[in-house]
Each structure stands twice: as structure tokens, then as C-alpha cells.
Amino acid sequence: MCTVIVKTGQPLTLMGVRDEFADRPWEGPGEHWPEHPGVLGGRDLKAGGTWLAVDPDKRRAAALLNGHGRPAAEATKISRGDLPLLAVAANDLPDVDLTHYDPFHLLLADLTRVRLFSWDGERLSTSEVPDGTSMIVNTGLNPEHERVAAFRPRFEGAADWRELIAAAPSADPAALIIRHELPDGRVFASLSVTLVTLAAEGVTYEFTDLTADSGRIGSKA
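Reference entry: report on the structure contained in this document. (Residues numbered from 1 in each chain as written. Predicted model: local features only at pLDDT ≥ 70, side-chain atom pairs only at ≥ 80, totals over all residues. Heavy atoms only, no water.)

With that settled, consider the layout of surface pockets. A probe as big as a water molecule, rolled over the atoms, marks out the empty space that is left. Roughly 440 Å³ of volume is contained in the largest pocket. In this structure, the largest pocket is lined by 21 residues; those nearest its centre are Glu20, Arg24, Asn66, Ser79 and Arg80. For the lining of the largest pocket, the elements supplying multiple residues, two or more each, are strand S2 (12-21) and strand S6 (60-66). Its volume calculated, the second largest pocket comes out at about 160 Å³. Forming the walls of the second largest pocket are Lys7, Pro11, Thr13, Ala158, Ala159, Asp160, Trp161, Arg162, Leu195, Thr197, Thr204 and Glu206. Its residues assigned to classes, the lining of the second largest pocket comprises five nonpolar, three polar and four charged. (1 Å grid on protein atoms, 1.4 Å probe; cavity = no way out; pocket = protein on both sides within 12 Å on 5 of 7 lines; lining within 4 Å. Points joined across faces, edges and corners; volume = space filled by probe spheres on them. Helix = DSSP H or I, 4+ residues; strand = E, 2+ residues; numbered from the N terminus. Nonpolar A, V, L, I, M, F, W, Y, C, P; charged D, E, K, R; others polar.)

Okay, structure coming up:
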């Protein structure tokens, strides 16, 4: 996932835009993990994890973004896709050996707080996401990033965030919904968008498959 937008308050609103190679297999949202009953998320079929996990009963969500830094050793590397699942279960950074993971940013939200855990391959940093509307990208909470500068004010002012994902995909570094055709013929693009609200009275979960003509699927309240 390459962009997460979060607005604190009641309800807490979180949107995750997943950017990935178009030929990497995946499936839409569901309760795919028997060891994590009730947890919703899309599943990466290559490694089995997810980019965004929601536990409706616990009013909790975790979203994963790739980070920058020192990669993990190939011989001991573990997919980062288990981290959102473990985080919503523990309501904290999972108790794992981080040296087995490539750099990441892990956002964990519940009804009382939003935290960002950032691992660069050598150091872990933890921060409270400030009140209001924030955007997290692959460089973390970075207000100078082109996408953040272009879109955070629009998310702050938008009554319906769905309107902001309607633009045609673009290779512009400031675009929210992207599509890059690489020299080797592969395509790196925004594949899906997940919109979640967390409130004391319930959770809403909406999933938009950007690769399909059918639009939004997998809604759950």
C-alpha cells in the first residue's frame, strides 16, 4: 500500500490506496485467516498476508506501507503482510524480530488513538498521529511529499472521500491513483481502495477494486 489517509474523531475515518504490480495475484476482502477470526482484509495470494486489516468487533484497523531503508537478509526475510493481522490482534506493534522484515510503516488505529510504527531496517520509531487529517506515504508522515501537498487539503475539505479516487490513473508523482508502465512491460498501479470508519456504534468497510468494472464490492457494516 502506498497511501493511507486518516481523520481522527468520531467516527475515525481511514482510507488505504494499494499500489502494487498488476500481475501480483490477490483476492478481495473476506475473513481469510482462520487464526484471526472475524478480521477482514484483502489477501495477497503470493505471501498470504494483507495490506489492511480490520477487526470490526474490536473497532480496530491496521494498514501497512512499504518504507525506505536497509532490506532484510534474503535468507531470513518474512513477508510484511502478517504485520497488520498481528497488530489488530495485539493492539500494538507485534512482538516479532523486526530484522526479518523489509522497511515498513504500520498504522494502527482504534477509537482512542492512532499510532505509526516505522522501521527502516535498523531503527524503529513510534509516533502518535496528530488530530485532524493526515496522509502517510512511503516516506512516512511527510508533509512535503508531492502527493501529500496536493491531496491532504482536499481530504480535509471533502465531505465524501470517494470523490477523490474517481480521477483517471496517472504517472504524475502527485497523483493519488497511479499507473506506471515500466520498460520491462510490467505495470505498477493503484489496484484497490479500502475505506473504513470506526465508531463506538459500529464499523463500516467499503472496498473498491480498481481493476474491475464492477466498482465497489465487499461493503460491510
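With that settled, consider the pairing of S2. The buried fraction of S2 amounts to nine of the 10 residues, a majority that puts the element mostly inside the structure. Inspection of the sheet shows strand S1 (residues 3-7) paired to S2 by five bridges, in the antiparallel sense. Bridge pairing links Val4 to Gly16 in S2. Hairpin geometry of S1 and S2 is characterised by an intervening segment of four residues between the two adjacent antiparallel strands and by a positive phi of about 115° at Gly9. (Buried < 20%, exposed > 50% of the residue type's maximum accessible area, 1.4 Å probe, protein only. Pairing = 2+ DSSP bridges.)

Below, the discussion takes up unusual backbone geometry. With an omega dihedral of 0°, the bond running from Gln10 to Pro11 counts as a cis peptide bond. Residue placement: Pro11 occurs in the loop between S1 and S2. Phi angles above zero are rare outside glycine, and Arg59 is one such case at about 55°. By the element assignment, Arg59 lies in the loop between strand S5 (52-55) and S6. Its identity is not glycine, yet Asn91 carries a phi of approximately 55°, on the positive side. The exposure class of Asn91 is partly exposed, given its relative accessible area of 23%.

In this section: the environment of Arg80. Topologically, Arg80 is positioned in the loop between S6 and helix H1 (83-90). The buried category is assigned to Arg80, whose relative accessible area is 17%. Along the sequence, Arg80 and Ala47 sit 33 residues apart, while their C-alpha atoms lie 8.9 Å from each other. Once you skip the residues sitting within four places of it in the chain, Arg80 turns out to touch Leu64, Asn66, Gly67, Tyr101, Asp102, Pro103 and Phe104. Of note is the side chain of Arg80, whose polar atom sits 3.2 Å from the side chain of Asn66. (Contact = heavy atoms within 4.5 Å. Polar contact = N/O pair within 3.5 Å; in protein donor to acceptor, adjacent residues only side chain to side chain.)

Take His145: it is sitting in the loop between strand S10 (133-136) and helix H2 (146-157). Apart from the residues lying within four places of it in its own chain, the contact partners of His145 are Val137, Thr139 and Pro173.

The strand order across the open sheet formed by five strands is S5-S6-S7-S8-S9, and the pairing between neighbours is antiparallel. The sheet is open, and its two edges are formed by S5 and strand S9 (124-128), each paired on a single side. Averaged over neighbouring strand pairs, the angle between their axes works out to 15° when direction is ignored. Note that strand S7 (residues 104-109) and strand S8 (residues 114-119) share six bridges and pair antiparallel. (Axes fitted to C-alpha atoms, helices over the stretch in contact; angles between N-to-C directions.)

Another point: the packing of aromatic side chains. Two aromatic rings are characterised by how far apart their centres lie and by the angle between their planes. The final tally for this structure, using the stated rule, is six aromatic pairs. Pairing Phe151 with Phe155 gives two aromatic rings, centres 6.4 Å apart and planes at 50°, and the pair type is tilted. Taken together, the residues span about one helical turn, with Phe151 and Phe155 both in helix H2 at a distance of four residues. When sorted by exposure, Phe151 lands in the same class as Phe155, which is buried. Three or more aromatic residues joined by ring pairs form one cluster here, namely Trp26, Trp51 and Phe207. (Phe/Tyr/Trp six-rings, centres within 6.5 Å; stacked < 30°, edge-to-face > 60°.)

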